[in-house]
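Breakdown of the fold
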Amino acid sequence: MDFLRSEKMIFVQLIIPVESAHRAVSYIGELGLLQFKDLNADKSPFQRTFVNQVKRCGEMSRKLRFFKDQITKAGIVLPVRPAPQPDIDLEELEIQLAEHEHELIEMNANSEKLRQSYSELLEFKMVLQKAGGFLVSAQSHTVAQERELDENIYSKDDYADRASLLEQEMRPGPSNQAGLRFISGIICTSKILRFERMLFRATRGNMLFNQAPSEKYAIDPMSTEMVERTVFVVFFSGQQAKTKIMRICEAFGANCYPVPEDITKQRQITQEVLSRLSELETTLDAGLRHRNKALTSIGFHLRKWTIMVRKEKAVYDTLNMLNFDVTKKCLVGEGWCPIFSKPQIHNVLQRATLDSNSQVGIIFHVMDAVESPPTYFRTNCFTNAFQEIVDAYGVARYQEANPAVYTVITFPFLFAVMFGDWGHGICLLLGAIILIARENKLGSQKLGSFMEMAFGGRYVILLMSLFSIYCGLIYNEFFSVPYHIFGGTAYKCRDTTCRDAHTAGLVKYRDPYPFGVDPSWRGSRSELPFLNSLKMKMSILLLLLAIVAVPWMLLPKPFILRKQHLERFQGRTYRMLGTSEMDPDGEPDSARQHLEEFNFSEVFVHQMIHSIEFVLGAVSNTASYLRLWALSLAHSELSTVFYEKVLLLAWGYDNILIRLIGLVVFAFATAFILLMMETLSAFLHALRLHWVEFQSKFYHGDGYKFKPFSFASLPDDDD
Amino acid sequence: MGFLIISLIFTMAGVIASLAARICCNKGPSANLFHLTLVITATICCWMMWAIVYLAQLKPLIVPILSEGE
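Residues numbered from 1 in each chain as written. Chains lettered and ligands numbered in written order. Predicted model: local features only at pLDDT ≥ 70, side-chain atom pairs only at ≥ 80, totals over all residues. Heavy atoms only, no water.

**Focus on the overall build of chain A**
The cut-off we apply is this: The numbering of helices and of strands both runs from the N terminus, where a helix is a DSSP run of H or I of at least 4 residues and a strand a run of E of at least 2. Three exposure classes are used, based on accessible area relative to the maximum for each residue type with a 1.4 Å probe and protein chains only: buried under 20%, partly exposed in between, and exposed over 50%. The contact criterion used is simple: two residues touch if any of their non-hydrogen atoms lie within 4.5 Å. Residue-level accessible areas treat just the shown protein chains as cover; the underlying method is Shrake-Rupley with a 1.4 Å probe.
Across its full length, chain A holds 20 helices and 13 strands. When each of the 719 residues of chain A is scored for burial, the buried share is 43%. Contacts in chain A between residues far apart in sequence, at least 24 positions, make up 82% of those at least 6 positions apart. Carbon and sulfur atoms provide 60% of the accessible area of chain A, an area that totals close to 39000 Å².

**Quick notes on the overall build of chain B**
Here is the rule: Throughout, radius of gyration means the C-alpha value; the globule benchmark is 2.2 Å times the number of residues raised to the power 0.38.
Across its full length, chain B holds two helices and zero strands. Its C-alpha atoms give chain B a radius of gyration of 18 Å, more than 25% over the compact-globule value 11 Å for 70 residues. In terms of overall dimensions, chain B has a C-alpha envelope of 60 × 30 × 15 Å along the principal axes. Scored against the burial criterion, the 70 residues of chain B give a buried share of 40%.

**Structural notes on the UniProt feature "coiled-coil region" (unreviewed entry) in chain A**
Applicable threshold: UniProt positions are given in the numbering used here, feature names are shortened, and annotations may be inferred rather than shown by experiment.
The feature "coiled-coil region" (unreviewed entry), as annotated in UniProt, sits at residues 90-117 of chain A in this numbering. Across residues 90-117 of chain A, the secondary structure splits into 100% helix and 0% strand, with the terminal C-alpha atoms separated by 41 Å.

**Side note on the environment of Met 126 of chain A**
All names here are of chain A. Inspection of the secondary structure assignment puts Met 126 in helix H3 (residues 90-140). Sequence-wise, Met 126 and Thr 270 are 144 residues apart; in three dimensions their C-alpha atoms are separated by 9.6 Å. Ignoring sequence-local partners within four residues, the contact set of Met 126 consists of Ile 186, Ser 214, Lys 216 and Val 231.

**A short note on unusual backbone geometry**
All names here are of chain A. Phi at Arg 204 is positive, roughly 55 degrees, even though this residue is not glycine. By the element assignment, Arg 204 lies in the loop between helix H5 (192-202) and strand S4 (208-213). In this structure, Gln 399 takes a positive phi of about 70 degrees despite not being glycine. Of note, Gln 399 is situated in the loop between helix H9 (381-393) and helix H10 (404-419).

**Details of the UniProt feature "signal peptide" (unreviewed entry) in chain B**
When the UniProt feature table is mapped onto this chain, "signal peptide" (unreviewed entry) is found at residues 1-17 of chain B. Between the first and last C-alpha atoms of residues 1-17 of chain B the distance is 25 Å; the span itself is 94% helix and 0% strand.

**A look at the packing of aromatic side chains**
All names here are of chain A. We count it as follows: Only rings of Phe, Tyr and Trp enter the pairing, Trp through its six-membered ring, and a pair is recorded when the two centres are within 6.5 Å. The plane angle decides the type: under 30 degrees is stacked, over 60 is edge-to-face, the rest tilted. Geometrically, a lysine NZ or arginine CZ counts as sitting over a ring once it is within 6 Å of the ring centre and also within 35 degrees of the ring normal.
Taken as a whole, this structure holds 35 aromatic pairs over all chains when the rule is applied. Ring geometry for Phe 709 and Phe 711: centres 5.7 Å apart, planes at 70 degrees, overall edge-to-face. One aromatic cluster in this structure is built from Trp 422, Phe 478, Phe 479, Tyr 483 and Phe 666. Stacked on the ring of Tyr 27, the Lys or Arg Arg 351 has its end atom at 4.3 Å from the ring centre.

**Overview of the UniProt feature "transmembrane region" (unreviewed entry) in chain B**
Here, the residues flagged by UniProt with the feature "transmembrane region" (unreviewed entry) are residues 31-56 of chain B. Here residues 31-56 of chain B runs as 100% helix and 0% strand, with 38 Å between its end C-alpha atoms.

**Considerations on the confidence of the model for chain B**
Quick note on the threshold: For every residue, the predictor states its confidence as a pLDDT score lying anywhere from 0 to 100.
In this model, chain B carries an average pLDDT of 87, and 96% of its residues clear a pLDDT of 70 or more. Complex prediction metrics read pTM 0.74 and ipTM 0.94.

**Brief notes about the interface of chain B and chain A**
Many authors give the size of an interface as the accessible area that is lost as the parts come together. Operational definition: A quick way to say it: buried area is the sum, across both parts, of accessible area lost when two parts are put together, with a 1.4 Å probe. The working definition used for a salt bridge is a side-chain nitrogen of Lys or Arg within 4 Å of a carboxyl oxygen of Asp or Glu. Two N or O atoms form a polar contact when they lie within 3.5 Å of each other; inside protein one atom must be a possible hydrogen donor and the other a possible acceptor, and for residues adjacent in sequence the pair counts only when both atoms belong to side chains.
Contact residues are listed per partner, giving 31 residues for chain B and 46 residues for chain A. Together, the buried faces of chain B and chain A total about 3500 Å²; carbon and sulfur atoms form 75% of this surface. Its largest share of buried area at the contact with chain A, chain B owes to Met 49, Gln 57 and Pro 64 of chain B, together 20% of the area lost on that side. Taken together, chain B and chain A are joined by zero salt bridges. Counting every contact that joins chain B to chain A gives nine residue pairs in polar contact (both at pLDDT 80 or more). Mapped by element, the contributors of at least two residues to the side of chain B that touches chain A are helix H1 (2-24) and helix H2 (29-58) of chain B. The greatest single-element share of the side of chain B that touches chain A, amounting to 19 residues, is contributed by H2 of chain B.

**Some details on the packing of H1 of chain B against H2 of chain B**
Residue and element names in this part refer to chain B. Here is the rule: Only the stretch in contact is used when fitting a helix axis, every axis being a line fitted to C-alpha atoms; angles between N-to-C directions are given from 0 to 180 degrees. The cut-offs work like this: below 35 degrees is roughly parallel, past 145 is roughly antiparallel, 65 to 115 is roughly perpendicular, and the gaps in between are oblique. Note on convention: near helix rotated counterclockwise from far helix by under a right angle means a left-handed crossing. Clockwise means right-handed.
The interhelical angle for the contact between H1 and H2, taken along N-to-C directions, is 160 degrees, at an axis separation of 9 Å. In this view, H1 runs roughly antiparallel relative to H2, as classed from their interaxial angle. Considering only the axes of H1 and H2, their crossing is right-handed. Residues Gly 2, Phe 3, Ile 6, Ser 7, Phe 10, Gly 14, Ala 17, Ser 18, Ala 21 and Arg 22 of H1 lie in contact with H2, whose contacting residues are Asn 32, Leu 36, Val 39, Thr 43, Cys 46, Trp 47, Trp 50, Ala 51, Tyr 54 and Leu 55.

**Side note on the sheet that holds S4 of chain A**
All names here are of chain A. Note the cut-off: Each pair of strands is called paired provided DSSP finds at least two bridges between the two strands.
Read across the open sheet, the four strands follow the order S4-S7-S3-S8; overall the sheet is antiparallel. One side of each edge strand has no neighbouring strand; the edge strands of this open sheet are S4 and strand S8 (255-256). Alignment of strand S3 (residues 180-188) against strand S7 (residues 229-237), held across nine bridges, turns out to be antiparallel. Bridge assignment links Ile 183 to a residue of S7, and that residue is Val 234. Relative to the sheet, H5 contacts S3, S4 and S7, its axis offset from that of S4 by approximately 170 degrees.

**Re the domain arrangement of chain A**
Filter applied, for reference: Domain limits in this description derive from either an automatic procedure or a database domain assignment.
Once the domains are mapped, chain A shows domain 1 (9-92 + 290-367), domain 2 (114-140 + 179-283) and domain 3 (381-525 + 618-694). Placing a centre on the C-alpha atoms of domain 1 of chain A and another on those of domain 2 of chain A gives a separation of 61 Å.

**Some details on the pairing of strand S10 (residues 330-338) of chain A**
Residue and element names in this part refer to chain A. With respect to burial, S10 is a largely interior element, nine of its nine residues being buried. Burial of the side chains of S10 extends over both faces: Cys 330, Val 332, Glu 334, Trp 336 and Pro 338 are buried on one face and Leu 331, Gly 333, Gly 335 and Cys 337 on the other. Sheet topology places strand S1 (residues 9-17) next to S10; nine bridges connect them, and they run antiparallel. Bridge pairing in S10 links Ile 10 to Cys 337. Relative to S10, strand S2 (residues 35-36) is paired through two bridges, and the arrangement is antiparallel. Bridging from a neighbouring strand, Gln 35 pairs with Trp 336 of S10. The pairing of strand S9 (residues 323-325) with S10 spans three bridges and is classified as antiparallel.

**Focus on a nonpolar patch on the surface**
Residue and element names in this part refer to chain A. In plain terms, the rule: By definition, no residue in a patch forms a salt bridge, and every one has over 30% relative accessible area; like charges are joined within 9 Å, nonpolar side chains (Val, Leu, Ile, Met, Phe, Trp, Tyr) within 5 Å.
Among the surface-exposed residues, Phe 450, Met 453, Trp 651, Leu 660, Leu 663, Val 664, Phe 668, Phe 672 and Met 676 lie close enough to one another that they form a single nonpolar patch of about 960 Å² accessible area. Elements represented by at least two residues in the nonpolar patch include exactly helix H13 (449-456) and helix H20 (656-698). Looking at the nonpolar patch element by element, the count peaks at six residues for H20. If you trace the backbone, Phe 450 turns up in helix H13. Looking at Phe 450, the relative accessible area reads 48%, which means it is partly exposed.

**A look at helix H8 (residues 342-355) of chain A**
All names here are of chain A. This is how it is decided: Helices are assigned an expected span. That span is 1.5 Å times one less than the residue count. The directions from the helix axis to the C-beta atoms form the arc being described.
Here H8 contains 14 residues, and its C-alpha end-to-end distance of 20 Å stays within 8% of the 20 Å for a straight helix at 1.5 Å per residue. By the burial criterion, the buried members of H8 are Ile 345, Val 348, Leu 349, Ala 352 and Thr 353. The buried residues of H8 occupy an angular sector of 140 degrees when projected down its axis, which confines them to one face. Turned more than 90 degrees from where H8 packs its buried face, Pro 343, Gln 350 and Leu 354 sit exposed. Positioned one or two residues after H8, Asn 357 has a phi angle of 50 degrees, which is positive.

**A few points about the UniProt feature "transmembrane region" (unreviewed entry) in chain A**
Residues and elements named next belong to chain A. Summarizing the sequence annotation, UniProt attributes the feature "transmembrane region" (unreviewed entry) to residues 413-436, 457-475, 538-555 and 656-677 in the numbering used throughout. The span residues 457-475 carries 95% helix and 0% strand; its end-to-end C-alpha distance comes to 26 Å. Structurally, residues 656-677 is divided into 100% helix and 0% strand, and its ends, taken at the C-alpha atoms, are 30 Å apart.

Next up, the structure:
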């Protein structure tokens, strides 16, 4: 049986000429059956041969991630299956990616600048609208003094760099004439109170402060959130006050905009600002559309490019593991592969030689290995989950017996012993069937971590549910209710009046109930003593079976080994060197390396130690196996409680609403507590029984898993 | 007597299941052996569960005592 022991592995050496190296490795990656050994393990990543190519691939994948980021930020949805495109060369791809990145960065910078000026103009418009109101009222209160309107440009430092047409129209230079001047601007509402107080203190009260909140929210460039803004106007006099106020404005991040006092001028400037704003809007829109178009065209190819770059990086990483022989212009590689894949790899290498028009073929031959081979079990989607359960404890040693063969049945069986209720089993079965029916659809989606585990273990859940239905029939529990499926009960009253039924109990008048626990037990006062003793006996019997099975495996071992040793070294003088065929049931390394006499007594003592260890372990295992009893009792009691105290209680009332509520509570309690929590709990305990009690008896589990270089197993991180 | 009969029924079920597995999924000697192992293990597990429960009820030491209100 192939599944019982690891596939036979051979250690191979490849000598590849340089021109066909890249192609050979990528074809091997597609095949996915060769595990390369890292021959340059002592070199740092920067000393390896193909470090430049790896760096380039890293750069390209960074650019691809950047594109993906931009596409997600722009909210563009890509088609799931893009149309097939012609293949592209790696160098061409690099150049294209660089171009696209440059273009995208430029577009982003431009639109950033435009957006900045757009928001400033927007602020200016708000200031014009509100401050205009203040100035009008201020004007009407003036004394007939001459007032010079100061249209200075009070602003942040870099505002002056992006001078707009409006500023060029204004009169340059401050006026030195004393008189009532004002500064108008806009500031976040949250800061306005402190701002006013600061201004008041700085000007010693010689100022007039007017403010009005603007209704529209705007995006604060600093924090990129929507904030409320307030327009303010500060009236003051004197040059000193002006500098102080300007500095305070800068400190508080208030943007100041000049507002002309003259009403007609105000209207004129407002018109200009509005037209400018609409221009900018259209420009921004056009820019956005252009960028989205570019992103969409990139997006079509993105997935294909990402896969290509990832494959190339993997190929170069693998090439880095090979030894580069400069004199002979070839790469030497070593690795493990299963015996059955030898012809396939031969074909692949021949194809690589042909495709790269190389004159020299690739040399591929088997070598002897010092270290122990990796363990490889060929699993299908059914056995994969069980193999993972076993591997989580430890990967089997090469050619060691694989517990997964029995785990396929015993694990669901032990689960069912703890879970036995055929009503719950049917629910689990439905769940498993749904998962298996939608296998294809769910397999290609990205699932959450919980769903992924449930989906990966769908066949385990299927078997668990089937066994649970069986055990439920045996325990005679359907949502804790017993049924008379297999005929009548074996108990009846002692006489027709049933007087003694509550004191002395019923009497057994015929053969026992043919399948499972007699339904009469449910609800009786002696139910628990009977069931407890039954389940305890079951646990102990299962334990005894486990105990009896194992000495069969341990004790014959020295005798078998001795026989094999004698057979192998019959013709010692004609020993062949470097044979790759290893006897599956023996210990190949030790047999080849230790040529001394087979020390029978040593092996026997070794086995004795194992057996004593095992017996002591058996004592501790007794208590452990009783968990089978404990959990099944817990499950049954929980089920009974929910049934009797929730459903029956609610059903006792005539009110339809109370009945409905009771049903709903019962359904939820069953689904979450019994189906989910109890399932996980029984799963965990069955797992523990397997790992500790079963596998620790004979399983070494110190092998390492066969991880071939395969494109299929490349991490699919972002998609 | 009933014990033997039903045990025989279990054996028959096991044989039928192995035949069914051989007919439905005949995928080479190694896979066939694996399927046979699974079927035999499952049959033995199920039979054992049933046998323990049946034998425990054959000659019971206690009888059901009905509780009040039943």
